[in-house]
Amino acid sequence: MPLELITIPCLEDNYAFLLHNAETGETLLVDVPDAPPIQAVLDAQGWVLTDILLTHHHWDHVDGLAPLLKSSGMTPRIIGAAADAHRLPALDLAVFDGDRVEICGEEAVVIDVSGHTLNHIAVHFPKSAVLFTADSLMALGCGRLFEGTPAQMWDSLLKLRALPDETRVCSGHEYTETNARFALTIEPENSDLISRVEQITAARAIGQATVPSDLGVEKRTNPFLRADVPALQAAQNMTNADPTEVFTKVRKARDSF
Ligand code: ZN
Ligand code: FE
């Protein structure tokens, strides 16, 4: 049985996620932007947290942790990057790039995705085809580069792009509509992108979340996964350019969009 996934809107535009194993009762929470909306879903489902994964140190992903532990009385295992232990809440399990750990009764693979911050991690559940990316790979976008270099982020995104198409990408924010308008300026003739943007506009008009998204769709439409794709390079007048240079240019353009 695949694990059950619930997306929880928090704060202005953040997402937290619950992953639940119905057989064992284990439940993972990914990021804690704010306690009340998460507590409400746990209460409604009758689920008890066994694990909490912190993807990176930013306040909008960790600040709900202490209030949630207090309000719930739960004592889950707290998982985060060993390299960031000094600026994360106290960790019970400090993980490294490439680690395979059992979470919710399934194997989960830790992937260093430095770029938005250094030591930001993504976690992939191959069996359930779920990938938690927070502020690394986002729906039609990627996180702003606060700590890492464009080369680091491009490298991180290539690791995620190597995963299977059918993977569900659980990213940390609902930024998709702005990302969509930007993506069209980069690759205006990408027909997959044009039809995806139509779907996004329709979904947002009725308040529907565009996260999680489909990794196969991201590969065909997300400009930040396409810096080495001939069609995008041609659209940018950068045919045969170094992909890192193309990525840098696209990321810079997004910063001022
Ligand atoms: Zn962040
Ligand atoms: Fe964030």
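Note that the structure is a prediction, hence the values are computed from the model and not measured.

Criteria and thresholds
- Residues numbered from 1 in each chain as written.
- Chains lettered and ligands numbered in written order.
- Predicted model: local features only at pLDDT ≥ 70, side-chain atom pairs only at ≥ 80, totals over all residues.
- Heavy atoms only, no water.
- Helix = DSSP H or I, 4+ residues; strand = E, 2+ residues; numbered from the N terminus.
- Buried < 20%, exposed > 50% of the residue type's maximum accessible area, 1.4 Å probe, protein only.
- Polar contact = N/O pair within 3.5 Å; in protein donor to acceptor, adjacent residues only side chain to side chain.
- Contact = heavy atoms within 4.5 Å.
- Donors = N, O, S within 2.8 Å, 3.2 Å for Na, K, Ca; no water.
- Tetrahedral: all angles 85-135°; square planar, octahedral: opposite > 155°, others 65-115°.
- Pairing = 2+ DSSP bridges.
- Axes fitted to C-alpha atoms, helices over the stretch in contact; angles between N-to-C directions.

> Describe unusual backbone geometry, and please don't skip the residues or the numbers.
Omega for the peptide link from Val-211 to Pro-212 comes to 0°, which places this bond in the cis form. Summarising the element assignment, Pro-212 is placed in the loop between helix H6 (191-205) and strand S14 (213-214). Its identity is not glycine, yet Asn-119 carries a phi of approximately 70°, on the positive side. Within the secondary structure, Asn-119 is located in the loop between strand S8 (106-112) and strand S9 (121-125). Its identity is not glycine, yet Ala-129 carries a phi of approximately 55°, on the positive side. Among the structural elements, Ala-129 can be located in the loop between S9 and strand S10 (130-134). A relative accessible area of 18% places Ala-129 in the buried class.

> Please provide a residue-by-residue account of the side chain of Asn-179, values included.
Secondary-structure assignment places Asn-179 in helix H5 (residues 176-186). The buried category is assigned to Asn-179, whose relative accessible area is 4%. Only 3.0 Å separates the side chain of Asn-179 from the backbone oxygen of Ala-139, close enough to count as a polar contact. A distance of 2.9 Å separates the side chain of Asn-179 from the side chain of Arg-254, its partner in a polar contact. Non-local contacts of Asn-179, meaning those with residues more than four positions away in its chain, are made with Ala-139, Leu-140, Gly-141 and Arg-254.

> Please provide a residue-by-residue account of the coordination of the iron ion (ligand 2), values included.
Taken together, the protein ligands of the iron ion (ligand 2) are Asp-60 (OD), His-61 (NE2), Asp-135 (OD) and His-173 (NE2), with distances of 2.1 to 2.5 Å. Geometry at the iron ion (ligand 2) is irregular, judged from its four donor atoms and the angles of 83 to 171° they form at the metal. Taken in chain order, the donor set of the iron ion (ligand 2) reads D-H-x73-D-x37-H. A spacing of 3.0 Å is found between the iron ion (ligand 2) and the zinc ion (ligand 1), which share Asp-135 as a donor.

> If you had to explain the coordination of the zinc ion (ligand 1) to someone new, which residues and values would you point to?
The protein atoms that coordinate the zinc ion (ligand 1) are His-56 (NE2), His-58 (ND1), His-116 (NE2) and Asp-135 (OD), at distances of 2.2 to 2.4 Å. Geometry at the zinc ion (ligand 1) is irregular, judged from its four donor atoms and the angles of 82 to 171° they form at the metal. The sequence pattern formed by the donor residues of the zinc ion (ligand 1) is H-x1-H-x57-H-x18-D.

> How would you summarise the sheet that holds strand S4 (residues 51-53) if you had to cite specific residues and measurements?
One key point about sheets: their strands pair by backbone hydrogen bonds, in either a parallel or an antiparallel sense. Spatial strand order, S1-S2-S3-S4-S5-S6: six strands in an open sheet with mixed pairing. With partners counted over all chains shown, the strands left at the sheet margins are strand S1 (4-10) and strand S6 (93-95), one partner each. Each strand of the sheet is rotated relative to its neighbour by a mean of 20°, with strand direction disregarded. Judged from the three bridges that link them, S4 and strand S5 (residues 77-81) form a sheet pairing that is parallel. In the strand pairing of S5, Leu-53 is matched with Ile-79. In the packing of helix H1 (residues 35-45) onto the sheet, contacts are made with S1, strand S2 (14-20) and strand S3 (27-30), and the angle to S1 comes to roughly 145°.

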